[in-house]
Amino acid sequence: MRQDSKANNIIRDIVILTDFIVLNILFCLWFQYDRQGAHLSHSVSVFRPLFVANIGMVVSQYFYSTVIHEHRSTAEQVLRQITYLVLLQGATTLVASEVVAYLTGMASPAFSFTAYFTLMLYAGILVTRYAERWFVKRYRRTGGNIRRVVFVGADLSILPIYEFLVGDPSTGYRVSGYYADAPMQDCPQGLRHRGTLADLDVKLELRDGEHAADELYCCLPVTDTDRIRRIMRYCDNNVVHFYYIPAISRNFGHMLKPENVGGMTVFTNCDDPLMVPANRFIKRSFDIAVSLAVLLCLAPFMPFIALCIKLQSPGPVFFRQARTGMNGKQFYCYKFRSMHVNKDADRIQCTEHDPRKFAFGNFMRKANIDELPQFFNVLRGDMSIVGPRPHMLYHTEVYRPLIDKYMVRHFVKPGITGWAQVTGFRGETRELWQMEGRVKRDIWYIENWSVWLDIRIILRTAIQVFVHDKNAY
C-alpha cells in the first residue's frame, strides 16, 4: 500500500472520530437546553437528538470524501457544502419532529428552537472542519499525504492545471516535471523538462520507480493514438490516475474554456459568466432596482433639465438614435439632447470643441447627465446599467471588419457605463488603436463579470460627475 493511502486512512479515522465527538457534544448541549427550557415534551426531546445523530454521521462521511480526502477541494467549497447540508439537515429535523409530534399527539416543537440548534450545528461543524483542514495542510507541508504528478506534452493547455496544483503547497501536490520533444515556451520556472517522449517510453518500459507518479496528465495530440494508449495501459497497470488534457492551445493560438453540455465537455473561445441563468437573473434584478431608484430621484429635476434644453436650443428634449445592441440587434437609445439638431448626428462622433453642442449640453455631457434617460432603456430590457457602450450603426459597420473580435462585445447587453469608459477609453476615437483598446476592455469585462465589478464601475462613474473625465466632451 502506498504511503499516501495509509495517510488517507489515518485522516479518515481521525475525521470520523472528531465528527462523532463534536456531534455528541452538540446533542448533549441541545438536549440539556431543551430540558431546562421545557420547550418540548420529553419523548420528542429524546427522539430528535437520535434522529439528527443518524443524519449527522452521513453528513460526516460526505464531508470526509469531498473536503478532507479530496486534495483539490478549496475553502470556498467547504463553506458552501457545509452551508447547504446543515440547512438541509435543519429543515429535515424540523419536518421529522413535526411529523412525530402529529402522529404521537405531543407538543409541536418550536421553530426558533430548531433554528437555534441548526445555528449551533453549523458553527460546530464549520469550526471542526476548518480545524481538520488546518492540521491536514500542516501535515502536507511537511511532505506527508502528497500526490506526485507528471505531465506529458508541451502544449500551453497544461499551464492552468499546473498553476492550480502548485498554487497552494498545502493541497499536497508535487509536480516532478513534464516530458516533451521540445521545451515549452514561457514555461514556469518550477516546471522542469524531464526529457523527450522517447525518454518517457524508456521509463515506461523499465517501470523506473524514480519517476513514479500518482497522477499523470497527458496533453498530446489525438493523432498520437499509439503513444496515448501505451501511457494509459501503463497507468492502469501501475495504479496511476490518468487524465487527458485536450491539446488545443497550439492549434488555435489561445486557450479554449471547457463547458458542460448534456454531460459532455465542449470548448468555447469565449468565457461569459452571464451565460449562467442565475447570473443573468442577479444582473437583471440589480438593473431594475437601481433604475427605478434613479428615475424616481430624477423625476423632480426633469422639468428643469427640459426647460434648459428648450431655452438654449429649439427641438425635442430627448435625442433618439439607433444603436447596436445585444446579439447585434438594433434598438433605439435615448439621451437628453446635448447638441443642436443636425444631419450628421448618426455618423460623426462629438469632438472636444464641437460647434454642434450648446452650453448646457456641453455641461450635461461632462457630468454624464445626458445619459440618464437610458435608465428607461434599462427598464425596457434593451440595455444594462453596466456593459459595453452601444455604438452607432455606422460605426459598427466601419469597425466590424477592421478589429478582431469586435462583435464579441455584443454577446451581452450594452451599458450606460462600462469598464472601458472608466479606464481611459471614453469619448472620441480618432485612431484605430483607441477603438481596439475599448473593445479589448469590453471583452475583459464580459469574461470577468461579477456584481462587485459592476458596483465598482458604477462608483467610478459617479465620481466622474464631480471630477470630469478629460475625454468627456
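This text follows the structure it describes.
Residues numbered from 1 in each chain as written. Predicted model: local features only at pLDDT ≥ 70, side-chain atom pairs only at ≥ 80, totals over all residues. Heavy atoms only, no water.

1. Here we look at the sheet that holds strand 4 (residues 215-218)
What counts, and what does not: Two strands pair if DSSP finds at least two bridges between them. Secondary structure elements follow DSSP: runs of H or I of four or more residues count as helices, runs of E of two or more count as strands, with numbering from the N terminus. Only the contacting stretch of a helix is used when fitting its axis, a line to C-alpha atoms as for every element, and angles between N-to-C directions run 0 to 180 degrees. In this description, contact between two residues means that some pair of their heavy atoms is separated by no more than 4.5 Å.
Taken in spatial order, the 5 strands line up as 3-2-1-4-5 in an open sheet, and their pairing is parallel. Here the strands that pair on one side only, and so sit at the sheet edges, are strand 3 (193-195) and strand 5 (241-244). Adjacent strand axes in the sheet meet at a mean angle of 30°, parallel and antiparallel pairs treated alike. The pairing of strand 1 (residues 147-152) with strand 4 spans 4 bridges and is parallel. When the sheet's bridge partners are listed, V150 is paired in strand 4 with L216. Here helix 5 (residues 158-167) sits on the sheet and contacts strand 1, strand 2 (173-179) and strand 4; the angle it forms with strand 1, its principal contact strand, is near 165°. Strands strand 1, strand 4 and strand 5 of the sheet are contacted by helix 7 (residues 225-237), whose axis makes an angle of about 155° with strand 5.

2. Focus: a nonpolar patch on the surface
Cut-off, in case you're wondering: Each patch is assembled from residues with relative accessible area greater than 30% and no salt bridge, linking like charges that lie within 9 Å and nonpolar side chains (Val, Leu, Ile, Met, Phe, Trp, Tyr) that lie within 5 Å. Calculation of accessible area relied on Shrake-Rupley with a 1.4 Å probe; when residues are assessed, cover is drawn exclusively from the protein chains displayed. A carboxyl oxygen of Asp or Glu within 4 Å of a side-chain nitrogen of Lys or Arg is what we treat as a salt bridge.
Among the surface-exposed residues, Y394, V398, L402 and L432 lie close enough to one another that they form a single nonpolar patch of about 320 Å² accessible area. Inspection of the secondary structure puts L432 in helix 14 (residues 432-447).

3. Some words on the nonpolar core
When a protein is soluble and globular, its nonpolar side chains tend to lie buried together. Rule in force here: Side-chain atoms within 4.5 Å are what join buried Ala, Val, Leu, Ile, Met, Phe, Trp, Tyr and Cys residues into a set we call a nonpolar core. Burial classification: accessible surface area is computed with a 1.4 Å probe over protein chains only, and a residue below 20% of its type maximum counts as buried, one above 50% as exposed, and the rest as partly exposed.
I305, I309, F360, Y445 and I457 are the most contacted members of the largest nonpolar core, which has 27 residues in total. When residues of this core are traced back to their parent elements, those giving at least two are helix 9 (277-298), helix 10 (302-312), strand 9 (330-336), helix 11 (359-366), helix 12 (374-380), strand 10 (384-386), helix 14 and helix 15 (451-466). Counting residues in each nonpolar core, the second largest holds 17 residues, with F151, L165, M184 and C219 among its members.

4. Section: the pairing of strand 2
Here strand 2 lies mainly inside the structure; 5 of its 7 residues are buried. Both strand 1 and strand 2 contribute to a ladder of 6 bridges, which runs parallel. Residue V152 lies in a different strand from strand 2, and its bridge partner there is Y179. Sheet topology places strand 2 next to strand 3; 2 bridges connect them, and they run parallel. When the sheet's bridge partners are listed, Y179 is paired in strand 3 with G195.

5. Concerning the pattern of salt bridges
The full count for this structure, using the stated rule, is 9 salt bridges. In this structure, R389 engages E371 in a salt bridge whose closest nitrogen and oxygen atoms are separated by 3.2 Å. Here the residue R389 occupies a position in the loop between strand 10 and helix 13 (393-399), and E371 occupies one in the loop between helix 11 and helix 12, the gap between them amounting to 18 residues. Considered together, R389 and E371 belong to a single accessibility category, that of buried residues. Several salt bridges share partner residues, and in doing so they unite K335, D370, E371 and R389 into one network.

6. A short note on unusual backbone geometry
Phi at N327 takes a positive value of approximately 60°, unusual for a residue other than glycine. Examined against the element boundaries, N327 turns out to sit in the loop between strand 8 (318-324) and strand 9. Notably, K405 is not glycine yet its phi reads approximately 65°, a positive angle. Looking at the element boundaries, K405 is found in the loop between helix 13 and strand 11 (415-417).

7. Notes on the environment of H395
In this fold, H395 is placed in helix 13. Residue class for H395 comes out buried when judged on its relative accessible area of 9%. For the pair formed by H395 and T324, sequence separation is 71 residues and the distance between their alpha carbons is 9.3 Å.

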